[in-house]
Amino acid sequence: SGLNCLSHVLSHYKNEDHPLFDGLKKEIEEMNKSGIRDSILDQIKNILSPDYFHITAEDENMLSGHNIKAIFKAQLKNEIIALLRTLLIYNHHFPHSADSYLSQCRLLFGQLLSSTCTMVSGLCVMLTFDGLDMEHIFEHFEKDREALDSHYLGSNNEVYEKVNDLFSTLPCNSTNAPLFISWAVLRYALATTNKEQAHSRYLGQQGLKGGGVGSLLGYLQSPALQSCSVTLQLSRITVYKVLATTLTIFHEDTLGDATSLAKVISEVLKEELLSLEFWDACAEKGVGVVLSSAASTFPYSYTPLTSICYSLAKNTASCEKLVQFASSLSLFTSEIPKNVFTSTVVETDEDWLYTNPTPFALTPGGEFIAKANSQCNLRETRPNTVVVQWLYDYSLFSYLDNELAFLSKWSGTTTDQHFCWKLTRSTEILKIVYKLTKHYPDVFEVLSKTVNLITTIITKLRTDTHTHVEFTAVALKLISVIPYQTGWTALYKINFLPRSDNTLTNWEGLYTEILNFYERPNTLFPVTIALLKLLKRACQDPEFVKNDQYLTEGVLILQYVLRDVFCGIQKWRFENALVKLKMCKSILVVIFKVLKLYNECQEERQESKQQLLTLIEEHMLPGLHTGAAHHTLLNIVSWCCALDNLNVEDYVQRKVCSVVSHTLTVLSLVIKLSPPGSGLEQALVVSTGENVNITSQIASYTYQNKSVKVSLHATRLLTDISTTNAVSLYSALGSSTVPLSLAFVNRLTSRSQDVYIKSSILDFISAAVETQPSVTELFMSIEKGGVLGENSCLHPVLDYIKRSTTLPLVLVCSVYRLLYKIWHYRHTAAITALKNTKNFWENLCKHCFEEIDLDKTISSYQLLIRAYTFHILANDIFYKSCDATSNMVTQLQERDCFLYWTKVLKRICSSVEDIPVSHTVVSEDLLFMLPLSEAYLSFVRAWRSFLVVTLVVRENNDDKLKDQITFHIAGALYNQTAKLDKRVTLKASAEFASLLTILLKRHKSSSDQPVLIKVCVQVLETASKSPHDLNQIVIIPVLASLLNVLQGLDPQSKKQVLKDSGSTNELVMLLCNQITSVNPNQLIALSCATLSQVIETVGSEENWFTTIKAIIPGLVRLTEENILNSTHEVSEALLSLMLCLTNYREGAAALQWSNIQRLLCFAQFYSDKLENTTQLQRLWFLVIQIVINMLQTLEMKFSEDAILFASIRHDRFMSIIGSIRTDFSHVAEAELFSRLLYSTASYLDTWHLKAAHCLSDVGTILGTTIPIITQYLMTTSATTKDEEISKVLAMLCNFSAMLRIMTPGILDLMKEKLSEKYTRGPLLALSFTTPPLGSEGPPSYGILTGCMRGLLILLQKIDPCRANTPTKSDSSSKTDDFPGQKSQIMFALENILYVLISQAQQMIMDNNVNPAEIYHLRRELGMELKSILEGVNRHHRRGGSSPRLDRTLSSSSSMANMLEQSHLGFFKLGYNFVNNLLQT
């Protein structure tokens, strides 16, 4: 571990972008003074000494049953490799001195160099290479030979010769061959005499005898080196320098086999930095010479060019250069029969140069034809053939198409040797094309024919031959990087992949045959790995994900892979364990991507992906939850445990740990998507055969030292398991729970622990706070008295808060998340302990006082930390905050933090996607870091909660601050709606809108309401145009805000404010669209309420009716539908809107034209029983009010419809009237009915024509109801509800007003002019007795006079007379308490008096009436009315609320004087009428 740490520091200490750059540089400089190189060499010497390890008897007893020597030998080897790797990194940064290089060579040129371990011997060769400083030779050999003398070895002859002696004594073998060649190059470059040059040639010959540089290939390709990126990079760079210098000094032919040299160069050029350096250097110098030479012998010598080109296809810049090179080949080398050559070409004057008189076909297909008189060179002569090099311009891609065309037209058997030879060569070029297309997609333009040729060839191939399967695998890789429409369509044509219309149960495709007949029997899986690459890249392609058909088919393929590959992978044999690991990892990556996509589609509620979601839910998820796939996942989890019992290489362990970490990640996502009680949840707590359940095994991985990622992902998986309600971690972990908590707390306390491990532990505790109370108590460890225990996790948490400004943001964010969870779930003991800590609130809230520089970079952590802080503050204030919390809020307000953070939200809300994000994000950050938009949404929600609690719940009295925040929030809402195309911004807009609604509802003093209205209208307009299906979550609160603004205005200023906004017509149009569109019930109801408010505000001044007129028929239909569907909330809102429209003649006429009568007359608004729900009752009341309003607005035009309504609802009205005989529980409905009767009373002719049978019941209603009302008024007490009394009085006022309309006018009677409608007989029966309650009959004189007496009694109760000497108790009159009721009483008295006078006068004037009856009328009515009028006189004369009268007047003069008052003028007429009755 120490060597790995040192290697890491040495690798990064020169990286100025590293966050610890200054510290690393200083540390290395200090260590370098103590001699790191000498320390490493001394340690290697100690290990190589025979006494380094001494095995005691105790060691043998401890390790009984194990091969002790093998264990120690493996440990020795690992330590030596680690030391050599560290030394190589150190030497790369700190050059040798001559003496140090000599010491190193003496140590290496012995036991280490001759080691059978490829890694050890290879590192020795690299260390030797690195110390030769070949870069110095390469730079000065051709340009400045004199500068070569400054080489650090050449300038020290003594050491130089000693090193030469060491090289000379090396045995000649494959390991030492590269060393001989490299030293020969150095000796030759530094040679000053012929003897030295001869010695260097001797060394070179020794190197060639040992195999040349080809022996480096085994080391460079070793898996151990491939798994160590830093060592691999340095090794490639070192070999490149040696080869570049060697090829600069010597000709490539002198280095041995050209193919081996090309393979070494191709392996070296796989390093991306070297591929770029290769193109920058001249092609005629250094390594570039080999590429030119390889191109000159192509295609006869095939491998050199293809291997180098494959390695150079590394990045976009290199691929672009390679395409240019491959498109301009000028030499074509081929082998042709000798007789063909002699008959085709003729010799020229120059040696070995020939020309062809006629065109000559260079390839069997005939597409490559050398024109006549083309030049060629004879390269090699054989017994029957010759190798000819032609001057011919072509490209590598055209040659590939030519070869593929030849294979596609092949008519013989595909097992033919020539066919397989051609197929192999084509496969090599296809690999190059695959790499080129992957990094440089533009190259696909020159490959238009390639895909079709490939698919044609695949159909000819066998599924059980290695060459054929290898071609198919490479073709599949190529298809994975070309446009998916082209590639996938081609594969479907040859039935290689299943389609969505196939059933996997019986599907037999080409891939199935390859898997069953070649891959599994031969333990090789190239096509499966290529197919997984295809799926992986497809899931990463945004265009592919958008294509529902192809995406669904991709999931179908994955389902097949899960069923037939992943579930059986445990039982299959593999040639190499790394292949198995690679397949598992690829499948896990694809599963993760598909499940993540499924999760996103579910959250976004994308209807277009419904087929995909169904396919995953029905076929893929069940297998992962309960099927064989989930068993395979759980088996893979146990692989890390098996490593402890296996002696495997470190690189294999790293691969296994990588697969396990991916498995843990997939399990985390599967658990989140699993339904309650799934098989996976049960498997987590079921013990295995060794009494260990999966959860305990996962918990053990949190101690994993082999891989930080395994430990990290295991902790995160435990976090997800803890959120599963079906799993109790305390019982699942059992006895390991306490050790786990102690280990986690120790890791949190440790200063050297990985920061991401700490963050994952904190997240685990946060999740436990939510769902695992037992585990939470264990971690909190709070003792009696609210004291934190020794092993409490809150100790490091408090320390982190104190040092939060110096810690990584990811860790600080996790700390604040834990604190938020503690407050949110009210862990009282922990809250108390934390709040009792000194300076807790100051440390917690210090980030809220820090500003964020939005012009530079911003991370989601910065927003989340502040979001959690504001959540905690809001929570604490809501639950009766302490003084410290209140003081902190006061400080925030005093330092203008309220306005600052509101302005920050306003600024970034519309451009959150465009804010610069920190680029120093490592892969582990992706596990913890929310997308910036999600973090922004969390911050918006936190700020909303904080403002609501501090400004509304806490009742902040700073109106100016409220005004400013309100308008900034409105501005933020307006800015946010600029981007409503994404779900996150839509949710943020909804939060702003709801906050604005709350602020406007509680705070009415905003001064610039026109701006608010205009903002709301613009937001509504933008949100309505949004294609997202969640735009209602914005529209609804914005409508509520608009409604609050309108309702909060004074009636006098409301119209002007709306006019100043200039948005009336736009608002009306938007509201109409919302009402008539398919929207949630709440949105329709709110739109109706807002539209009603707007109409009532602007009245008839604005031209709003033109817009509304078009939707009125739709309103009526929509109301009918909602009534039938019993959606009473919407029905009520629609009827309320119609009621508002009936106040205007145009609206009422439009409703009548829209056949609203059918709705009013026949819709079911009540049950047969009188007991109705409150909602139904409100609907029924609205219907009656609509009829009344329409009749009052349209008058005669609606009279027939109104009377028709009354007749159709006649039974209901009679039932209500009948009910008041026993109680007044339905008085509200009875009052509405009385108002309806009053409204229709002016249309008696229509009554007689349309509903004469109902008109007769009207008299009965009056005769029955008025005595009951009279009795009710006379018996009212202090316990009677004022609202009920008002309703009864209103009903009496309506009935009396109706009688007044139906009786002849007094002036007409006096003029003896009666209209026809008044000639149908008297309304009142000639009876002066009060009938029994409940008796039916027409109204009489006695009923009305009794009613007047009852009204007089009620008037004296609610308006008592003032005493002559007021006392303290009665000094305040009740006059002002019931102004409405007094007005109602006086109105009813006047109407009844009018009716009595009119009916009496009509009877007196009727010549057909018996004089005795007239006399009886005069006497009885006169006496009754005189008594009543005197009572009215006494009430006002004794100190009622009317003006005081002169008490010295006589009774008659006093009454006359009293009746002179303006509001009692009509009673003077009554007084005169009574005197006339009694005097006649």
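Residues numbered from 1 in each chain as written. Predicted model: local features only at pLDDT ≥ 70, side-chain atom pairs only at ≥ 80, totals over all residues. Heavy atoms only, no water.

Another aspect to go through is the overall build of the protein. For the protein, the helix and strand inventory stands at 75 helices and nine strands. The buried share of the protein, reckoned over its 1480 residues, is 55%. At a minimum sequence separation of 6, the contacts of the protein that also span at least 24 residues come to 72%. (Helix = DSSP H or I, 4+ residues; strand = E, 2+ residues; numbered from the N terminus. Buried < 20%, exposed > 50% of the residue type's maximum accessible area, 1.4 Å probe, protein only. Contact = heavy atoms within 4.5 Å.)

Let's shift gears to the packing of aromatic side chains. Tallied over the entire structure, the rule returns 42 aromatic pairs. Both rings, one in F332 and one in F368, keep their centres 5.9 Å apart while their planes meet at 55°; by these two values the pair is tilted. Here F368 lies in the loop between strand 4 (360-361) and strand 5 (369-370) and F332 lies in strand 1 (residues 329-337), a separation of 36 residues in the sequence. Assigned by exposure class, F332 and F368 land together as buried. With a centroid separation of 5.7 Å and 80° between ring planes, the pair formed by F744 and F764 is classed as edge-to-face. Within this pair, whereas F744 is found in helix 39 (residues 737-749), its partner F764 is found in helix 40 (residues 755-771), the two being separated by 20 residues in sequence. An identical accessibility class is assigned to F744 and F764; each is buried. Through successive ring pairs, a cluster of aromatic residues spans F298, Y302, F332, F368, Y392, Y394 and Y399. A cation over an aromatic ring shows up here: R1300 above the ring of Y1394, its NZ or CZ 4.1 Å from the ring centre. (Phe/Tyr/Trp six-rings, centres within 6.5 Å; stacked < 30°, edge-to-face > 60°. Lys NZ or Arg CZ within 6 Å of the ring centre and 35° of its normal.)

The share of residues in the protein with pLDDT of 70 or more is 84%, and the mean pLDDT across the chain is 79. Highest mean pLDDT in the protein belongs to helix 43 (residues 809-824) (92); lowest belongs to helix 74 (residues 1451-1458) (45). Overall, residues 914-923 carries pLDDT values under 50, and its contacts beyond four positions in sequence, including any with other chains, amount to 19 contacts. (pLDDT = per-residue confidence, 0-100.)

For the rest of this paragraph, the subject is a positive patch on the surface. On the surface, K438, K536, K582, K585, R654, K655 and K709 cluster together into a patch of positive charge. At the level of elements, helix 30 (577-604) and helix 34 (650-673) are the ones that each hand at least two residues to the positive patch. Along the polypeptide, K536 turns up in helix 27 (residues 526-540). Classification of K536 as partly exposed rests on a relative accessible area of 32%. (Patch = residues over 30% accessible without salt bridge, like charges linked within 9 Å, V, L, I, M, F, W, Y side chains within 5 Å. Areas by Shrake-Rupley, 256 points an atom, 1.4 Å probe, with all protein chains shown as cover. Salt bridge = Lys/Arg side-chain N within 4 Å of Asp/Glu carboxyl O. Lys, Arg positive; Asp, Glu negative; His and termini not counted. Charge placed at Lys NZ, Arg CZ, Asp CG, Glu CD.)

Counting buried positions along strand 7 (residues 385-394) yields eight of 10 residues, so the element is predominantly enclosed. As defined by bridge partners, strand 1 adjoins strand 7 across eight bridges and the pair is classed as antiparallel. Counterpart to L331 in the pairing with strand 7 is L391. Counting the residues in the hairpin turn of strand 6 (residues 375-381) and strand 7 gives three residues. (Pairing = 2+ DSSP bridges.)

Another point: the environment of Y756. Along the chain, Y756 falls in helix 40. Residues Y756 and P808 lie 52 residues apart in sequence; the distance between their C-alpha atoms is 9.7 Å.

Further remarks concern the sheet that holds strand 3 (residues 353-355). Sheet architecture is open: five strands sit in the order 1-7-6-3-2, paired in antiparallel fashion. The two strands at the open ends of the sheet, each matched to only one other strand, are strand 1 and strand 2 (346-347). With five bridges joining them, strand 6 and strand 7 adopt antiparallel strand pairing. Note on strand 7: the bridge partner recorded for N377 is Q389. The strands that helix 17 (residues 288-296) touches are strand 1, strand 6 and strand 7; relative to strand 1, the one it contacts most, it runs at about 45°. (Axes fitted to C-alpha atoms, helices over the stretch in contact; angles between N-to-C directions.)

What follows covers the pattern of salt bridges. One pass over the full model with this rule turns up 27 salt bridges. A salt bridge links E161 to R187; its shortest N-O distance comes to 3.8 Å. Taken as a pair, E161 in helix 9 (residues 157-168) and R187 in helix 10 (residues 177-190) lie far apart in primary sequence, 26 residues in all. The exposure class of E161 is partly exposed, given its relative accessible area of 35%. Given the relative accessible area of 5%, R187 is considered buried. Linking K1287 and E1231 is a salt bridge whose minimum nitrogen-to-oxygen distance equals 4.0 Å. Placement of K1287 in helix 69 (residues 1282-1302) and of E1231 in helix 66 (residues 1227-1240) is noted, with a sequence separation of 56 residues between them. Residue K1287 is classed as partly exposed on the basis of its relative accessible area of 26%. One salt-bridge network, in which partners are shared between bridges, spans R236, E267, K270 and E271.

With respect to the element layout, N1189 can be found in helix 63 (residues 1174-1194). Owing to a relative accessible area of 16%, N1189 belongs among the buried residues under this scheme. At 3.3 Å, the side chain of N1189 forms a polar contact with the side chain of T1142. When sequence neighbours within four positions are dropped, the list of residues in contact with N1189 reads L1139, T1142 and N1143. (Polar contact = N/O pair within 3.5 Å; in protein donor to acceptor, adjacent residues only side chain to side chain.)

Turning our attention to unusual backbone geometry. When glycine is set aside, most residues are seen to have a negative phi, and most peptide bonds are trans. Of note, the amide linkage connecting F298 to P299 takes the cis form, showing an omega dihedral of 5°. Although it is not a glycine, R826 sits at a positive phi angle of roughly 50°. Checked against the element boundaries, R826 lands in the loop between helix 43 and helix 44 (828-835). Look at R826 and you get partly exposed, because its relative accessible area is 28%.

What follows concerns the pairing of strand 6. Note that strand 3 and strand 6 share three bridges and pair antiparallel. Residue pairing across strands places Y354 opposite C376, the latter belonging to strand 6.

Next up on the list: a negative patch on the surface. Together, E347, D349, E350 and D351 line one region of the surface with negative charge. Topologically, E347 is positioned in strand 2. Note on E347: relative accessible area 55%, which makes it exposed.

One can find T614 in helix 31 (residues 610-625). Residues T614 and T552 lie 62 residues apart in sequence; the distance between their C-alpha atoms is 9.8 Å.

Together, F878, Y879 and V953 make up an exposed nonpolar region whose accessible area comes to about 310 Å². With respect to the helices and strands, the residue V953 is situated in helix 50 (residues 932-953). Accessibility expressed as a relative area gives 46% for V953, which makes it partly exposed.

This next bit is on the environment of V451. Inspection of the secondary structure assignment puts V451 in helix 23 (residues 450-460). Separated by 28 residues in the primary sequence, V451 and I479 have C-alpha atoms spaced 7.7 Å apart. Not counting chain neighbours up to four residues away, the residues in contact with V451 comprise F444, I482, T486 and A490.

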